[in-house]
Amino acid sequence: MSKLVAFAAIQGAYNIVSKAEGIYKRALEKYGPDQKLEFPNTAYYLPIIYSLLGIPVKTLGDAEKPLKIARKLLPYHVKNFNHLPYLGPLLDAGMAALFAEEIVEAIRYVDDPDFYYPGEECEVVKTADGKIDWAKSKIWLGAADDTIMRKRGVEFVDGSAPGFAAIVGAAPDAETAKMIAEEYQRRNLYVFMCANQNGTTFTEQLIEADVQIGWNTRLVPFGPDISAAVFALGFANRAAMAFGGIKPGDYRRVLLYNKDRVFAFVNALGEVNAEWAANAAGCVNWGFPTIADTDIPEILPTGVCTYEHVVANVPHDQIVQKSVEVRGLKTVVTKVDIPLSYGAAFEGERIRKDDLFVEFGGGKTQATELVEMADMDEIEDGDIKVIGPDIKDLGEEGGRLPLGIYVRVAGRKMQPDFEPILERQIHHLINYAQGIMHIGQRDIAWIRLGKPAVEKGFELKHIGQIIHDMFHKDFGSILDKVAVTLYTNEEDVQKLTEKARAIYRMRDERVENMTDEEEEIYYSCTLCQSFAPSHVCVVSPERTGLCGAYNWFDCKASYEINPTGPNQPIEKGECLDPKLGNWKGVNEFVEKASRGKIKSYNFYSIVHQPMTTCGCCECIAAILPSCNGVMTVHRDYTGETPCGMKFTTLAGVMGGGQSTPGFVGHSKYNIIQRKYLAGDGGLLRMVWMPKSLKEELREGLERRAKELGVPDLIDKICDETIATDEAGVLEYLQKVGHPALEMEPITG
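Residues numbered from 1 in each chain as written. Predicted model: local features only at pLDDT ≥ 70, side-chain atom pairs only at ≥ 80, totals over all residues. Heavy atoms only, no water.

**Student:** Explain the overall build of the protein chain to me, please; I cannot follow it from the model alone.
**Tutor:** Scanning the protein chain for helices and strands turns up 22 helices and 23 strands. Here the protein chain has a C-alpha radius of gyration of 27 Å; the compact-globule value for 748 residues is 27 Å, and the two agree. Considering only C-alpha atoms, the protein chain reaches an extent of 80 × 70 × 50 Å along its principal axes. Residue burial in the protein chain is summarised as follows: out of 748 residues, 57% are buried. (Helix = DSSP H or I, 4+ residues; strand = E, 2+ residues; numbered from the N terminus. Rg over C-alpha atoms; globule rule 2.2 N^0.38 Å. Buried < 20%, exposed > 50% of the residue type's maximum accessible area, 1.4 Å probe, protein only.)

Encoded structure:
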């Protein structure tokens, strides 16, 4: 290994630690040791320090110990003679730098609480003449809060985000930056950005090139300094704790988890100084290599990283491909016959008023989507028709049109049950086209096309082309033909809408009438085992997957599409306990799929051997003993709960594939299914949930409450506007006469 590499990285680490010690001393004098220190709305304290050292840094005083550890980790300086070319001292130096930088960034939140902009999207402000007002713009997002981390972390779990590129520095110009970013987007990778090069950043270059940045487009601007690299590595370590169930302080498992499961790497753009070198050395601990565009000393032998550790002199038009090769990452660029870039990373784009050319639906006009099965001889594959005015007929100013998307599919393995599953995919598939925004589904769809998309030649027929090409790509095992008709005449759209609404009603009634008793086959879902090895979700007609993404029909279709995939049929076998929901065949499958860690669990209980939970769950329920009931909280709610733990803390306690009596993960929809906690008393046990969740489920809650004979139950369920402590909840329950107080003791 080059002496120059060792010298630069170690010297950089000394600089970073010394600088951090100075910042810490000043902060201690100014604020005192009891000053709260945190990354806001996160449950993992300072996550690199917490995950690797097991030290929860809550105050400035708490930060002293990890800062001293960072100082002790610094190796001897490289000498001019007897240089030992080992990687170990570099790894220690890099880790010391990252511990110190994490403390520096936490202090920044105290010194300048408005420096980082909370949320998923940046706020770019322009002047009257269209120029960017950098002084007023809020472009740095800092640490992802736990709502974002769990929402985005699911994409790493299910493979829709194969990894992330951490870009430090800046490209030679804005167009090169845009080219690199869009190539990563086409490969569905996230791009995490930090550090500046000669006063500019990759983030600012993308903004200048009119590229949308933020979590929604997978181009995430963490911060302008190299120290913001800790937000990317902290995100990875939080995933290990939240989804993998790894305990804080188990540094070896955390680092191996990241090497094996989180496919990330660094792109160093521009001159690499000593502090950058220290951060690159730190990333090697995670198995994350560095690929640079400049002539820096390389570390080519394999060892900690899967392949090379540092690769230099990579041209900008090759850096994306070289990066994924060096990391050992397999990515696929989806090819669709349209004049736009296409990939999941474009799904979060927003088409704002100034960029809008044409819109369909959204309350201004009617927009309806329907997928229907056809006989093989009824349709021709690839038959795409536009009936009514097209985009070009709107003139130079654009405007609005109604839209009916009618898709007919045929195939020897196609079933009517698969129609709504295919229909739901339209939302994602249209959104994956750069410059198009799709919201809603069924008869409340809303589509917006931006001016750049139209300028590139996008026409209405291309919506049909997207659906045709992607249905064949994703569902080719069950269908052979796809035909799409797009209506834009108001009369035609209205006729399709009336037909669609009748079909929607029939589908809903079929799903609603299904019961767990009548079906002998349930389905597994082991998607999350990539992050939570012992978690096995089993989906039945009356218990949807806890992530909210899969119901029984979805799993059935998934199995037909991919017979060796994560959704496998399970013969439920002998019923061992009808009240709690326990079956011999399910237990046998769960024991095998969890590699013997889970031998049995119950579908309908939170008290007795509840189902395992991973970090992807939409909601977590917990017993409130003094209230003789349960509360539930969804991951979008960041406030306090009556059990004394926020969602993120609950997920940390019970995630990672554990079965934890008193707690259970579930989907939002599961709350209004008939079997929800049926073994413990069902929905009548619900005593607290966030107001936003109550409103989201209001219609279903009122329907179920009426079935249960307590039509005003929703008003008897406490929420955060009334109380967030168990005593306050109990007082409210007594006041309104909640039925849980009259039920048998929940804990037996």
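Picking up where we left off.
**Student:** Can you walk me through the state of the cysteines in this structure?
**Tutor:** What makes a disulfide is a covalent bond joining the sulfur atoms belonging to two cysteines. Scanning the entire structure with this criterion turns up zero disulfides. Cys547 carries a free sulfur, and the closest cysteine sulfur to it, the one in Cys525, is 6.1 Å from it. Taking the relative accessible area as the measure of exposure, Cys547 reaches 21% and is therefore partly exposed. Left unpaired, Cys718 is separated from the closest cysteine sulfur, that of Cys627, by 8.3 Å. (Disulfide = S-S within 2.5 Å.)

**Student:** I'm lost on helix H6 (residues 174-186) in this one. Help?
**Tutor:** The α-helix winds at 3.6 residues per turn, so residues separated by three or four positions along the chain end up facing the same way. With 13 residues, H6 extends 18 Å from end C-alpha to end C-alpha; this agrees with the ideal 18 Å at 1.5 Å per step. Among the residues of H6, Ala174, Thr176, Ala177, Ile180, Ala181, Glu182, Glu183, Tyr184 and Gln185 are the ones counted as buried. The N-cap of H6, judged by a side-chain oxygen 3.2 Å from the amide nitrogen of Glu175 a few residues on, is Asp173. Of the residues trailing H6, Asn188 is marked for its positive phi of about 70°. (Expected span 1.5 Å × (residues − 1). Polar contact = N/O pair within 3.5 Å; in protein donor to acceptor, adjacent residues only side chain to side chain.)

**Student:** Sorry, what's going on with the sheet that holds strand S17 (residues 569-571) here?
**Tutor:** Neighbouring strands of a sheet are bound in pairs by backbone hydrogen bonds; such pairs are parallel or else antiparallel. A sheet is described by the order of its strands in space; here three strands give the open sequence S16-S15-S17, paired in antiparallel fashion. A strand with exactly one partner marks an edge of an open sheet, and here the two such strands are strand S16 (537-539) and S17. Direction aside, the axes of adjacent strands within the sheet are offset by 40° on average. Strands in contact with helix H16 (residues 552-561) are strand S15 (521-525), S16 and S17; relative to S15, the strand with the most contacts, it is inclined by about 75°. Its contacts with the sheet place helix H17 (residues 584-593) against S15, S16 and S17, and it is angled at close to 130° to S17. (Pairing = 2+ DSSP bridges. Axes fitted to C-alpha atoms, helices over the stretch in contact; angles between N-to-C directions. Contact = heavy atoms within 4.5 Å.)

**Student:** Could you clarify how one ought to interpret the pairing of strand S14 (residues 481-487) in this entry?
**Tutor:** Along any regular strand, the residues point their side chains to alternate faces of the sheet. Along S14, seven of the seven residues are buried, which leaves the element largely enclosed by surrounding structure. The sheet contact formed by strand S9 (residues 384-387) and S14 spans four bridges and is parallel. For Lys385, the partnering residue across the bridge sits in S14 and is Thr485. Where strand S11 (residues 403-410) meets S14, seven bridges bridge the pair, whose relative direction is antiparallel. Each bridged residue has a counterpart across the sheet, and for Val407 the counterpart in S14 is Val484.

**Student:** Would you explain the layout of surface pockets in this entry?
**Tutor:** The rolling of a water-molecule-sized probe over the atoms marks out the regions of remaining empty space. The calculated volume of the second largest pocket comes to roughly 860 Å³. Forming the boundary of the second largest pocket are 28 residues, of which Asp210, Val211, Gln212, Arg352 and Asp355 lie nearest the centre. When contributions to the lining of the second largest pocket are tallied by element, the ones reaching two or more residues are H6 and helix H13 (451-455). In terms of residue count, the dominant contributor to the lining of the second largest pocket is H6 (three residues). Its residues placed into classes, the lining of the second largest pocket shows eleven nonpolar, six polar and eleven charged. (1 Å grid on protein atoms, 1.4 Å probe; cavity = no way out; pocket = protein on both sides within 12 Å on 5 of 7 lines; lining within 4 Å. Points joined across faces, edges and corners; volume = space filled by probe spheres on them. Nonpolar A, V, L, I, M, F, W, Y, C, P; charged D, E, K, R; others polar.)

**Student:** Got a minute to help me understand the nonpolar core in this structure?
**Tutor:** What tends to happen in soluble globular proteins is that the nonpolar side chains get buried as a cluster. Membership of the largest hydrophobic core comes to 216 residues, with the highest contact counts inside it found for Phe164, Phe202, Trp215, Ile405, Val407, Phe458 and Phe471. With 14 residues, helix H4 (residues 88-111) is the single largest residue contributor to this core. Ranked by size, the runner-up nonpolar core spans 24 residues in total, among them Leu693, Leu697, Leu701 and Ala705. (Core = buried A, V, L, I, M, F, W, Y, C linked by side-chain atoms within 4.5 Å.)

**Student:** Hey, could you run me through H17 in this one?
**Tutor:** If you check which residues of H17 are buried, you get Gly585, Val586, Asn587, Val590 and Ala593. Taken together, the buried residues of H17 touch S15, S16, S17, strand S18 (575-577) and strand S19 (582-583).

**Student:** Help me understand the packing of H4 against helix H8 (residues 229-242), please; the structure alone is not making it clear to me.
**Tutor:** The angle between the axes and the distance between the axes are what describe a pair of packed helices. Closest axis-to-axis distance for the H4/H8 pair is 9 Å, and the angle between their directions is 105°. When the axis of H4 is compared with that of H8, the two are roughly perpendicular. Contact with H4, carried on its side by Leu98, Glu101, Glu102, Glu105 and Tyr109, involves Val230, Phe231 and Leu233 of H8 and no other residues of that element. Considering only residue class, the contact of H4 with H8 consists of five nonpolar, no polar and three charged. (Parallel < 35°, antiparallel > 145°, perpendicular 65-115°, else oblique.)

**Student:** So what exactly am I meant to see when it comes to unusual backbone geometry here?
**Tutor:** Leaving glycine out, the prevailing phi sign among residues is negative, and the prevailing peptide bond configuration is trans. Even without being a glycine, Arg595 presents a positive backbone phi close to 60°. Structurally, Arg595 can be placed in the loop between H17 and strand S20 (619-624). Under the relative-accessibility criterion, Arg595 is labelled exposed at 61%. A positive phi angle, near 40°, is found at Gln609, a position not held by glycine. With respect to the helices and strands, the residue Gln609 is situated in the loop between H17 and S20. A relative accessible area of 42% places Gln609 in the partly exposed class.

**Student:** What is the right way to read the packing of helix H12 (residues 419-431) against helix H14 (residues 461-475) from this model?
**Tutor:** It is at 10 Å that the axes of H12 and H14 come closest, and there the two elements cross at 115°. Our pair here, H12 against H14, has a crossing hand that is right-handed. Across from Leu422, Gln425, Ile426, Leu429 and Ile430 in H12, the residues of H14 making contact are Ile463, Ile466, Ile467, Met470, Phe471, Asp474 and Phe475. Split into classes, the residues belonging to the contact of H12 with H14 amount to ten nonpolar, one polar and one charged. (Left-handed = near helix turned anticlockwise from the far one by under 90°.)

**Student:** How should the environment of Thr747 be read in this particular structure?
**Tutor:** Following the sequence through the fold, Thr747 ends up in the segment after helix H22 (726-736). Its relative accessible area of 54% is what places Thr747 among the exposed residues. Between the alpha carbons of Thr747 and Gly629 there is a distance of 9.5 Å; along the sequence they are 118 residues apart.

**Student:** Please clarify how the sheet that holds S9 should be interpreted in this entry.
**Tutor:** Spatially, the four strands line up as an open sheet ordered S8-S11-S14-S9, and their pairing is mixed. If you trace the sheet from one side to the other, it starts and ends with strand S8 (367-373) and S9, each paired once. Across the sheet, the mean angle separating the axes of adjacent strands is 10° when strand polarity is ignored. Contacts from helix H15 (residues 490-513) reach S8, S9, S11 and S14 within the one sheet, and its direction differs from that of S8 by about 60°.

**Student:** Just checking my understanding: could you explain the pattern of salt bridges for this structure?
**Tutor:** A pair can form between side chains of opposite charge whenever their charged atoms are brought close. A complete count under the given rule lists 44 salt bridges for this structure. Put simply, Lys675 and Glu542 hold a salt bridge, and the shortest N to O gap is 2.9 Å. Of this pair, Lys675 sits in the loop between strand S22 (663-666) and strand S23 (686-688) while Glu542 sits in the loop between S16 and H16, and the two are 133 residues apart along the sequence. Summarising the burial analysis for this pair, Lys675 and Glu542 share the class buried. Ionic pairing is found between Glu707 and Arg674, a salt bridge with its closest N-O pair at 3.7 Å. (Salt bridge = Lys/Arg side-chain N within 4 Å of Asp/Glu carboxyl O.)

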